[in-house]
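Fold and contact review
Residues per chain, in single letters:
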Amino acid sequence: MRGAWLLLLCAASAQAGQSLPPAEAAAWLQKMADAARRMSYEGIFVVRQGDSMQTLSINNRPAGQSNESRLMALDGNQREVRCSQTGAVTVEASGNQIRMEKRLSRRHFPDLLPANPVALVNWYDVRLGETARVAGLDCRNVEILPRDAFRWGYILCAEKDSGLPLKAVMVNASHLPLMQYAFAEVKLSVPGSATKPPAWPATRPALLPEMPDPAQPLAAEQVVAKALPPGFTRITAVKRRLPNMPGEVEHWVFSDGLTHISLFLSPSNKPVDSVRGESPRGMVNLMRRQVGEFQATVLGDAPWVAVETIALGLEPRK
């Protein structure tokens, strides 16, 4: 009997840290993606990036084939993110002023994976790591590590029964943390169980202002992206207004499903000097250059080579 247990332990140790077969890797990714959307849960989590840290509360519940969620910042400026089947908005309050802005993406921790994450196994190795404990719950580390230099990796700690990510760490090529999310406390309600789902927070009794739709489809494209990193496709291309920028700006988003890179195109009446920028910890990379009559700014939470590939591949449409 003891020999059988030793064999099981050796098998588990051998599996940990090794790349999973594609089907098993896809199953783990799908389980975590489904849990983040289809479960009812509420809790408090902390986001840490470098020396900055923020605490947020979250409430999520299923809604048809999708979900509704609400995040509220518990420190700093009063800020909320509300997501539903119809889209997502950010609400900020400063004194008596309330500002609302539509968001292009509904995704946020712990909903970090795409709804259909199967394609990620083409660009990332998925490995099972050690077991851990987060917010009083047992979880298993699932490492999603890039196979090339065009994307950062993630380590998600999936709750042992539901698969809900309780912690997420974005890591660079040296496996050093760039950004970390972790629940401090969380209450789960599995669909179909007798557990009462978390109460939906009451809307603040404040008069919300009219919110213009900042995202309009492009009438015509005057710039083309001739080269993209492997696995990346353009998922969004709209015109919108951005704070501190005159007029409308074209906003394109490229993604492999996990990593996102933005392109901003604004008319330029004078030559633009090429600029290369990097955040202090190297998480965000940026490149700005002239493309025809436009100033093109490419930036994202991605390695420099991915940002550079997109930026240098931009050409005026002929």
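Throughout, a residue's number is its position along its own chain's written sequence, starting from 1. Thresholds applied to this predicted model are a pLDDT of at least 70 for local features of residues and 80 or more for the giving and counting of side-chain atom pairs; totals over whole chains, interfaces and linings are not thresholded and use all residues. Just so you know, side-chain values use all the structure's heavy atoms and leave hydrogens and water out.

1. Remarks on the side chain of Asp125
Put simply, the test is: Secondary structure elements are taken from DSSP: a helix is a run of H or I of four residues or more, a strand is a run of E of two residues or more, and numbering for both begins at the N terminus. Relative accessibility under 20% of the residue-type maximum defines a buried residue, over 50% an exposed one, and the middle range a partly exposed one, all with a 1.4 Å probe and only protein chains included. Two N or O atoms form a polar contact when they lie within 3.5 Å of each other; inside protein one atom must be a possible hydrogen donor and the other a possible acceptor, and for residues adjacent in sequence the pair counts only when both atoms belong to side chains.
Among the structural elements, Asp125 can be located in strand E7 (residues 124-134). The exposure class of Asp125 is buried, given its relative accessible area of 18%. A polar side-chain atom of Asp125 sits 2.8 Å from a polar atom in the side chain of Arg147.

2. Re the side chain of His251
Cut-off, in case you're wondering: Contact definition: two residues touch when any of their heavy atoms are within 4.5 Å.
By the element assignment, His251 lies in strand E15 (residues 248-255). Of the polar contacts made by the side chain of His251, one reaches the side chain of Arg240; its length is 3.1 Å. With residues near it in sequence (within four places) discarded, His251 still touches Leu104, Thr236, Ala237, Val238, Arg240, Ser262, Leu263 and Phe264.

3. Re helix H2 (residues 22-38)
Each turn of an α-helix holds 3.6 residues, which means side chains three or four residues apart point in the same direction. What counts is decided by this rule: For a helix, the expected span equals 1.5 Å multiplied by the residue count minus one.
Taking 1.5 Å per residue, 17 residues should reach 24 Å; H2 reaches 24 Å between its end C-alpha atoms and fits that length. For H2, every residue scored as buried is listed here: Ala25, Ala26, Leu29, Met32, Ala33, Ala35, Ala36 and Arg37.

4. With respect to the sheet that holds E7
By way of backbone hydrogen bonds, the strands of a sheet pair with one another, either parallel or antiparallel. What counts, and what does not: Any two strands with at least two DSSP-identified bridges between them are counted as paired. Between N-to-C directions, angles cover 0 to 180 degrees, with each direction set by a line fitted to C-alpha atoms, over the stretch in contact for helices.
The strand order across the open sheet formed by 11 strands is E6-E5-E4-E3-E2-E1-E11-E10-E9-E8-E7, and the pairing between neighbours is antiparallel. In this open sheet, the two strands that pair with only one neighbour each are strand E6 (97-103) and E7. Averaged over neighbouring strand pairs, the angle between their axes works out to 15° when direction is ignored. Here strand E3 (residues 66-73) runs beside strand E4 (residues 78-84); their pairing, made up of 4 bridges, is antiparallel. Each bridged residue has a counterpart across the sheet, and for Arg70 the counterpart in E4 is Arg82.

5. Some points on the sheet that holds strand E12 (residues 216-217)
Pairing within the open sheet is antiparallel, and its 7 strands lie in the order E12-E14-E15-E16-E19-E18-E17. Lying at the two open borders of the sheet, with one neighbouring strand each, are E12 and strand E17 (275-278). Where E17 and strand E18 (residues 285-291) come together, 4 bridges link them in antiparallel fashion. Bridging across to E18, Arg276 finds its partner in Met287.

6. Re the packing of aromatic side chains
So the rule is basically this: Pairing of aromatic rings covers Phe, Tyr and the six-membered ring of Trp, with a centre-to-centre limit of 6.5 Å; geometry is then stacked below 30 degrees between planes, edge-to-face above 60, and tilted otherwise.
Evaluation of the coordinates by the stated rule reveals 5 aromatic pairs. Judged by centre distance (5.9 Å) and plane angle (75°), the rings of Phe45 and Phe183 are edge-to-face. Of this pair, Phe45 sits in strand E1 (residues 40-49) while Phe183 sits in strand E11 (residues 177-189), and the two are 138 residues apart along the sequence. Here Phe45 matches Phe183 in class, with each residue buried.

7. Section: the environment of Gly95
Note on placement: Gly95 falls in the loop between strand E5 (87-94) and E6. Judged by relative accessible area, Gly95 falls into the exposed class, the value being 73%. In the structure, Gly95 is positioned 17 residues away from Gln78 in sequence and 9.5 Å away in space, judged by C-alpha atoms.

8. Points about the environment of Arg281
Along the chain, the position of Arg281 falls in the loop between E17 and E18. Take Arg281: its relative accessible area is 46%, and that puts it in the partly exposed class. Taking the C-alpha atoms as reference points, Arg281 and Gln49, 232 residues apart in sequence, are found 8.8 Å from one another. For Arg281, the contacting residues outside a window of four places in its chain are Gly50, Pro177 and Leu178.

9. Digging into the state of the cysteines
Threshold: The disulfide criterion used throughout: a pair of cysteine sulfur atoms within 2.5 Å.
By the definition in use, this model includes 1 disulfide. One disulfide bridge connects Cys139 with Cys157, the sulfur atoms lying 2.2 Å from each other. Every disulfide takes its handedness from the sign of the S-S torsion; for Cys139 and Cys157 that torsion is 85°, giving right-handed. Of this pair, Cys139 sits in strand E8 (residues 137-146) while Cys157 sits in strand E9 (residues 153-159), and the two are 18 residues apart along the sequence. For the pair shown, Cys139 and Cys157 are each scored as buried.

10. Details of the pairing of strand E2 (residues 52-63)
Where E1 lies against E2, 9 bridges are found, and the strand directions are antiparallel. Bridging across to E2, Gln49 finds its partner in Ser52. In this structure, the hairpin formed by E1 and E2 is closed by a connection of 2 residues, where Gly50 is found at a positive phi of approximately 60°. Sheet topology places E2 next to E3; 8 bridges connect them, and they run antiparallel. Within the sheet, the bridge partner assigned to Leu56 lies in E3 and is Ala73. The hairpin formed by E2 and E3 contains 2 residues between the paired strands, and Gly64 there has a positive phi angle of roughly 65°.

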